[in-house]
Structures are given as structure tokens and as C-alpha cells.
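# What the coordinates show
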Amino acid sequence: MIRTCFLSLLLLLTATSVRADRYTFLGSYESHTVDGSVLTIAATNNVLRLTLVDSGVVRVQLGRGGAIQDLPSYAVTARPNPLLRWTVEDQPGALRLALPAGVLIVQKYPVRMQFATSDGSIIAEDAPAFGLAWDGKEVQLWRTLHADERFFGLGEKVGDVNKRGGHWTMWNTDMPGYSNKQDPLYVSVPFFIGMHAGQAYGTFLDNSYRSTFNMGAASDRVYSFGAEDGEMNYYFVYGPRIRDVVARYTALTGRTPLPPIWSLGYQQSRWSYAPEYELRDVARNFRQRGIPADVLYLDIRYMDAYKVFTWDGASFPDPAGLLADLESMGFKVVTIVDPGVKIEQGYTIYDEGLRSGYFARYPDGTPYSGEVWPGWCHFPDFTRPDVRDWWGANYGAMMDLGVDGFWNDMNEPAVWGREFPLLVEFEDEGMRSSIKKIHNVYALLEAKGAYEGMRRSHPKERPFLLTRAGFAGIQRYASVWTGDNTARFDNLQMAIRMCVGLGLSGIPFAGADVGGFEQEPSSELFIRWMQAGVFTPFLRTHTTINTRDQEPWSFGEWTEDIVRNYISLRYQYLPYLYTEFRRASRSGVPIMRPLFLDHEDDPETFSSQWQHTFMAGPNILVAPVVDEGRRFQKVYLPHGRWVDPWTGAPYDGGQAVVVEAPLERLPMFYRGGSLIPRRETQQYTGEHPLSELLLEVVPGDSASYTLYLDAGDGFGYETGSFDEVTFRMRSDGLSWVIETSGSSGPWCGALKRIRFRLFGSPSVPRAISLDGESIQLDSESQRETARPQLDEGRRRFEITLPFRTGTHQYRFEY
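What counts and how
Residues numbered from 1 in each chain as written. Predicted model: local features only at pLDDT ≥ 70, side-chain atom pairs only at ≥ 80, totals over all residues. Heavy atoms only, no water. Helix = DSSP H or I, 4+ residues; strand = E, 2+ residues; numbered from the N terminus. Rg over C-alpha atoms; globule rule 2.2 N^0.38 Å. Buried < 20%, exposed > 50% of the residue type's maximum accessible area, 1.4 Å probe, protein only. Contact = heavy atoms within 4.5 Å. Phe/Tyr/Trp six-rings, centres within 6.5 Å; stacked < 30°, edge-to-face > 60°. Salt bridge = Lys/Arg side-chain N within 4 Å of Asp/Glu carboxyl O. Polar contact = N/O pair within 3.5 Å; in protein donor to acceptor, adjacent residues only side chain to side chain. Core = buried A, V, L, I, M, F, W, Y, C linked by side-chain atoms within 4.5 Å. 1 Å grid on protein atoms, 1.4 Å probe; cavity = no way out; pocket = protein on both sides within 12 Å on 5 of 7 lines; lining within 4 Å. Points joined across faces, edges and corners; volume = space filled by probe spheres on them. Nonpolar A, V, L, I, M, F, W, Y, C, P; charged D, E, K, R; others polar. Expected span 1.5 Å × (residues − 1). Pairing = 2+ DSSP bridges. Right-handed = clockwise from strand over helix to strand, strands pointing away. Axes fitted to C-alpha atoms, helices over the stretch in contact; angles between N-to-C directions. Parallel < 35°, antiparallel > 145°, perpendicular 65-115°, else oblique. Left-handed = near helix turned anticlockwise from the far one by under 90°.

## Overview of the overall build of the protein
When helices and strands are counted, the protein shows 15 helices and 53 strands. In terms of overall size, the protein behaves like a compact globule, its C-alpha atoms giving a radius of gyration of 28 Å where 814 residues would be expected to give roughly 28 Å. The principal-axis extent of the C-alpha atoms belonging to the protein is close to 90 × 75 × 50 Å. For the protein, the proportion of its 814 residues judged to be buried stands at 62%. Intrachain contacts of the protein at a sequence separation of at least 6 include 69% that bridge at least 24 residues.

## Focus on the packing of aromatic side chains
Any pair of aromatic rings gets described here by the distance separating the centres and the angle formed by the planes. Per the stated rule, a full pass over the model turns up 67 aromatic pairs. Relative to tryptophan 373, the ring of tryptophan 271 lies with its centre 5.4 Å away and its plane at 70°, an arrangement referred to as edge-to-face. Residue tryptophan 271 is located in the loop between strand E20 (267-268) and helix H3 (276-289), and its partner tryptophan 373 is located in the loop between strand E24 (370-372) and strand E25 (375-378); the two are separated by 102 residues in the primary sequence. A relative accessible area of 30% means that tryptophan 373 is categorised as partly exposed. Considering the side-chain rings of tryptophan 407 and tryptophan 481, the 5.9 Å spacing of their centres and the 75° angle between planes classify their relative orientation as edge-to-face.

## Let's talk about the pattern of salt bridges
Under the definition given, this model contains 48 salt bridges. Glutamate 524 is the salt-bridge partner of arginine 631, the closest N and O atoms lying 3.1 Å from each other. Of this pair, arginine 631 sits in the loop between strand E37 (620-622) and strand E38 (632-637) while glutamate 524 is found in helix H10 (residues 523-533), placing the two residues 107 residues apart along the sequence. On the accessibility criterion, arginine 631 (32% relative accessible area) is partly exposed. Take glutamate 524: its relative accessible area is 13%, and that puts it in the buried class.

## Topic: the side chain of glutamine 114
Of note, glutamine 114 is situated in strand E9 (residues 112-116). The class for glutamine 114 is buried, based on a relative accessible area of 17%. A polar contact is formed between the side chain of glutamine 114 and the side chain of glutamine 107, at a distance of 3.0 Å. Polar side-chain contacts of glutamine 114 include one of 3.1 Å to the side chain of glutamate 125. Here glutamine 114 is in contact with Val103, Leu104, Ile105, Gln107, Ile122, Ala124 and Glu125, once residues within four sequence places are set aside.

## A word on the side chain of glutamine 61
The residue glutamine 61 is located in strand E5 (residues 57-62) in this model. A relative accessible area of 0% places glutamine 61 in the buried class. At 3.1 Å, the side chain of glutamine 61 and the side chain of aspartate 70 are in polar contact.

## What to know about the nonpolar core
By size, the foremost hydrophobic cluster in this structure holds 199 residues, and its most contacted members are Ile242, Trp391, Phe535, Ile620, Phe756 and Phe812. Sorting elements by how many residues they give to this core places helix H9 (residues 489-504) first, with ten residues. If we ignore the near neighbours within four places in the chain, the residues touching phenylalanine 535 are Arg570, Tyr573, Leu577, Met592, Phe614, Ala616, Ile620, Val622, Leu666 and Met668.

## Considerations on the layout of surface pockets
In this structure, the largest pocket spans a volume of roughly 530 Å³. Mapped onto the lining of the largest pocket, the elements with two or more residues apiece are helix H12 (574-587), strand E45 (702-709) and helix H14 (746-750). In terms of residue count, H12 provides more of the lining of the largest pocket than any other element does, three residues in total. Class assignment of the residues belonging to the lining of the largest pocket gives a composition of 13 nonpolar, six polar and six charged. Taken as a whole, the second largest pocket holds about 320 Å³ of empty space. Lining the second largest pocket are 20 residues, with Trp373, Asp409, Met410, Arg468 and Asp484 positioned closest to its centre. In terms of residue class, the lining of the second largest pocket is built from twelve nonpolar, one polar and seven charged.

## Side note on H3
Side chains three or four residues apart in an α-helix point the same way, a direct result of the helix having 3.6 residues per turn. The end-to-end C-alpha distance of H3, which contains 14 residues, comes to 20 Å, matching closely the 20 Å that a straight helix rising 1.5 Å per residue would cover. Of the surrounding elements, those touching the buried residues of H3 are E20, strand E21 (295-298) and helix H4 (319-328). Once H3 ends, the next one or two residues include glycine 290, with phi positive near 70°.

## Some remarks on the sheet that holds strand E12 (residues 138-144)
Strand order in this open sheet of six strands is E1-E11-E12-E18-E17-E14, and the pairing throughout is antiparallel. Of all strands in the sheet, those bounded by a partner on one side alone are strand E1 (24-25) and strand E14 (167-170). The sheet contact formed by E1 and strand E11 (residues 132-135) spans two bridges and is antiparallel. Note on E11: the bridge partner recorded for phenylalanine 25 is alanine 133.

## Some points on the pairing of E21
Looking along a regular strand, one sees the side chains alternate between the two faces of the sheet. Covered by surrounding structure in E21 are Val295 and Tyr297 together with Leu296 and Leu298, the residues of both alternating faces. Here E20 runs beside E21; their pairing, made up of two bridges, is parallel. Bridging from a neighbouring strand, glutamine 267 pairs with valine 295 of E21. Taken together, E20, H3 and E21 constitute a β-α-β crossover, and its handedness is right-handed. Sheet topology places E21 next to strand E22 (residues 332-337); four bridges connect them, and they run parallel.

## Looking at the packing of helix H6 (residues 385-401) against helix H8 (residues 442-457)
Between H6 and H8, whose axes approach to 7 Å, the crossing angle comes to 50°. When the interaxial angle is binned, H6 and H8 end up oblique. As H6 runs across H8, the sense of the crossing is right-handed. Residues Arg388, Asp389, Trp391, Gly392, Tyr395, Gly396 and Met399 of H6 lie in contact with H8, whose contacting residues are Leu445, Glu446, Lys448, Gly449, Ala450, Gly453, Met454, Arg456 and Ser457. When its residues are assigned to classes, the contact of H6 with H8 shows six nonpolar, five polar and five charged.

## Details of the sheet that holds strand E33 (residues 513-514)
The strand order across the open sheet formed by nine strands is E32-E31-E29-E26-E22-E21-E20-E34-E33, and the pairing between neighbours is parallel. The outermost strands of the open sheet, each flanked by one partner alone, are strand E32 (510-511) and E33. Helix-sheet contacts for H3 involve E20 and E21, and the interaxial angle to E21 is about 165°.

## Digging into empty space enclosed by the protein
Taken as a whole, this structure holds three cavities of 30 Å³ or more when the rule is applied. If you trace the largest cavity, you find 15 residues lining it, with Pro72, Asp206, Asn207, Ser208 and Lys437 closest to the centre. Classifying every residue of the lining of the largest cavity gives seven nonpolar, five polar and three charged. By volume, the second largest cavity is sized at about 140 Å³. Taken together, 17 residues line the second largest cavity, and the ones lying closest to its centre are Pro257, Pro259, Tyr451, Pro463 and Tyr477. Partitioned by chemical class, the residues of the lining of the second largest cavity number twelve nonpolar, three polar and two charged.

Laid out in C-alpha cells, this is it:
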């Protein structure tokens, strides 16, 4: 007992009196006050505030000079739940704070925090000897690094999906041709998910200054995060599962709005289609060759001398006519927008911005000038609401002409010479902040202005906005692509890992340039990348200037046929993918996600060996080939039952299997006990209404899936203008019963037929009925309508039956 007390006293004296070389630590507890959901602790060297934001989110703020700053946030949109109250137990050596999702224990001597489950199991904890600290303007937090701890997220980062062992920087950076060791890149999301002792948690550092996250790089004792200036202001997010953390984090920073369905179609771009006959030729080729496509892009050469919101009159003499013609062919057009405004008297955007004082400036009031594509430019101060309104109105004017969406580029912000001088200032809601604070949120605020301007000017159309740079919260306004990648197989691997990481960071609408932007892909690489792209949320091919053509027909007929098949497959799966986007918009859970998100209880799913295999929604496992020359693929199947949809072969999960992967085949599997809706191929998303649905039924004791249907554009869905059809399946081995329950709106009304594809069917069912009424396949007329088909090799049976709104039952007996 004496020895234990002596050790405790020694730890207390060490932690409270010994300082690191430069840092000042929080010190020991002196007192606390509670005001509803806010608890404030006065400590020896500073003040600490803990705010209960919701049932599983705690905001932690460290004072500066003994006072909490409470700076406004550009990332966080949620407000604390006013009904919540801290439950505080004041113990001799600690405060025990209870909240619905767990417990927060604040040790008093010195002040250190431990986040725990309700039964007291530690999830994450401050390092006993360190914890919160500051050195001048810099703020840091050190936490104990547990042996089993893993880390995910952190936004757009290279490396493994598990970020443990890395040192990561948040500072938006234009880095063309980046490698697997390059950091930072274009998008900064200072949020990570931790896993310890089977419990998931999250941490979001709401600080836009340059920040760093040392996730155990060169240390087996601690991990840390902090920023060079600003508040130590972070949110701790309880789980217990990863999907719970993502849902709570996106409730805090916002979720991706439901995109227009055309933006889920195939998109074609290059630097640059100009003059206009090149764009017309590309459009004509897609339609003549029967390759589905929805979107064509115009890169910087459509502009007059690269001046934003202008058209090159020589190359594009009649933009409205061109856009109308492409619209009649089923194409949407997306144009690039750069934030640099060319300094040129008589150029309307420049004149308006200069006259109104809309540009970022030096401390002496002179507008900052930086050089980029048009030459010397000024840059809008997007921290000002009036500047965002002005900028957004120009997007609306482009839409009046017929432009359908926009592509924000160069918005890190990038200039020749890489970055703005650090003394450039922005209004920042009256605080007059330098680029050191605004750099990381510049693209976020530009996107906010663009999105709101598009919605104001065209309130019946869902905005589509693509951005290269961003910060936490960018998902509220834009999709993200992973910047200027390279045509190499290792970049295909990186693209998968980066998109998975972005999804775990609250950005589900993400993708990479198929085939690579820099250099030129081989036919094999282009095929393999397109196969992976089928289930990537954002699907676009793009390439740089002075490279070979990179359209689907540019690699020869054999490659064209394979690519056509996979783009067509994308369109067939749109009912499923669109439904998953609807789910993501409501829950924050990404469409493209790592195996472990749906299978946390299977430890093998966390292995880096399987980090290029991903789930597309809950029911489809995708295992793209990411190595040159490989024709067999080793795939880990999580616990459960799985079916190869190509062959119909069933597999037991909990094991790795080897499957054939010829160049024309994407290895993929359906989860046992799942229902997957598909449709026929269209040349573009609005070509035909959905009148016949293909429902793939995978054996299992039971399954359910709710299909979401709406207009595909507009905001009627926000006020209930949508339909849902719920499918439920149960089986006892001798019969399968599939119940449909559909609403009676126009989209269900347009659905006339349902084609069932039953996997694991050894023969034609001996009896088929709809609502108890037998379907007789003896008569030629019924057989012609039902189109029954048995594929014995794949052990699957297909039949087309009428679809009826309301609740109905289909029975297949063997």
C-alpha cells in the first residue's frame, strides 16, 4: 500500500511540474462549473471547456490566455442539443461525466481526459504525462497509443487505408503527378476514426490553420495532433461502430445532398476539347458506337484567354447553340472554373470585383496579385457573404446559357510559385485573418458560393459541382476527384485507397480520373481502371494536354467492346447505386467503403492485404485487379455466404478464394441473402423511364431491400415527392417468397414488370404464383410474356412477372 501511494505521488509530481522543452501543459484541476451541456474547468495554467453537442459527440476547447475563444466555424453546421445536460459525479481525483453514448473521465491531478464506454472500458485517453499543451500560438494534444489501435480517414491521403505510423499534414496543395509518399495533397479533412479494443471513435480538429497528425510515426507510446495557430478545438465522437462514428461526424459537418442522377452516369473529359467541333465529334461517337455517357467537360481552353466566366468566340462562336444541341443528344456539359480573375480593364468580372473591393488584399489594402493561367490575377475573398453571392451569380448566368454543372479547379488556392504570401488578408467575418487561416477553407467557401448561387438561380435543378480542393464540410456542396494522378497501376491502387479514405472522412461522392491524368495508359490499365470505376461513386475519364486520345474507342475495337460492356454495367446498376446515394445523403455512410465497415467483427477484413477490395453498398463486394498482367485474383470473402454473379458459383465466407480474372472480367461477389435491383442499359440516364426492373435474388434465409425512386433531379424529394419499393425475401429451402410493398406515386406507377433472377436455382420452379394465383407457363402466350429462362451452368432462373403497386407476394416452389 505504501509503495502504491509513493508511485502515485511520484506520477503526480512529475506530470504537474515537469515540462517538455517548449510546451506548457494544462496543469492541475482547481475548480469547475456546469451550465446545462457546458462544463468549464479552471486549471493551473489555462481553462478547458467541455460541451455536450449530442448524445455521442463532445466538443473540447482549450483556452488561450485563460479564455475560451469561441471562433465561428466554416466546417461545423450542427448546434448543441439544448435538451442535453451533463451528469457529473465529482470524485476526489476525477470528474466522471456521463452521456448517453458513454463516459468521459477527467482526471484532476493533472487534468487528463479518458473517453470510455458506459461500463468504463477506455476507448481513447490523453497521454498521462502530456495531454493538452501549447507553445506560443501552436497547440497540441498527445494521446496514449495502444498496441491494437488503428486509424482511418484523414481525408485525401495516400498510403494505406490504415493511417497508423504516418505523419500527415493538413494544407491544401497542388501536387500534380503525386506519388504514394506525397503529402499533403488537395483536400484537408482533419478528422480520423480510431479503433481500440473493438470500439470505434472519431476525432475532428476544427481548426483551419496548417495542422499535423502524427499517428504513431516513430513512436510506440503516443500519437498526437495539433495546429500551428488558432484554437485547440476538437470534437470527440463516440461509436461504438465505425458507421456510427461516420454518421455522427457527418451530422456535425453536414451530408452530401442527393445529386442529380445524370451525375452518376459516365463522364468524359480531357484538357481540352476545343474548338467546338471536337466536342461535337466526341458526342457523336458515343451515340453512334452505343457507349453510354451523360456528361462532357470543357477544360480551360473554352475560355477567352483563360478568363473565368467567358467563352472563346473563335473556338465557341455559339455556346448556347452548342449546349442546346448536346442537350438534345442527352448530354450534360460541365465547364471548369478557376478562382483567379485576370487583371484587365474592360473585363466585366475584373471591373466588378475591383470596383466593389471583392478581392483578397495585403495589409495595406492593395489587392493581392498572383500569376496563374490567365497571367496576373486577383482572387475573390470568399470569406465575405456578398462576394460569395456575386461569384455564385456568375454560375447562374452560365447555367442560363445551358451549362449544367461546374468543375472548380486551382482552388487550393494554387498560383505559379505554389502559394500566396502569408500576409495576404481576408475579411473573415470581421476578424481580418491572413491566408494562414483561410488557405484550407478557401475552396470550401468558393464551393459554398457556387452551390448556393446555382440553387438560387435554378431552383428546380440540383447543383452538380466538382472540386479539386476542400476542407471538412465540402461534402455539403461538391463532389471531389483526386486531382492530377498518373497512368500507372500503382495509381489505380492509390485511387481505390484514397476514395475509401474520403468516404470514411464524410465525402462519399468521390472518384479518380480513370486511366490517369498524366502520361498515357495501356489498354490493360484503361480496362482495369474502368472496371473499378463501375462502382466508384464519381466516374470520369480525363487526361492532360498533348497525350493520346483517351475515349473508350481510342484503344482499338477489342478494348472498346470491353469498356462499353462495363460502362453499360454501370448504367444497369444505377437503381442500386442511386438508392445507396440516397442512403448516404441521409446517414453519411459512404457507398464505396472498406470491407471492415460492414464486417467489423471479422478481423481479417482489416488486413492491408485486402485494402483494394471494397464494398459497393451493403450487398456487392468488388475486387478489382490492380496489378499488371494478373489473370487470377485472390479475394477475401468475409464471414457469411457469397455468390459470384458471373458464374453463379456459391462460396463460404471467412476465407480467401482464387477466381479467374481474364482481362474482360471484374471479380465481384454478391452477399448471401441480398436483393439487388438493376435495369436495362440506357445511352444516358433520362433516355427511358424505368418500366422493367431486374431484381437479383441471392439465396439466404431472409433479406430485404428498399429501392428509392424519384425524378432524378429537382428538390421535390425534400417534400415527399418520391417512391419507395421494399422487397422482402424468405426461404425455407423448398420455396422462395418475395414480397413487394410499393408506394403509389408516379415512379412506381411507371414500373410495369419485374424480372426475377434467382441465384442458386437448380431447376425451373415446379410452381410460381402471384398473390396466390398460379402462373401457368404451359401456354405459349404466358411463356412469351414471362420469358422464363434457366441457366443450369450458373444455377439461376429468370422470369418476368407483372409489377403492381401496393403489397403483393411472389412465390417460387421447388
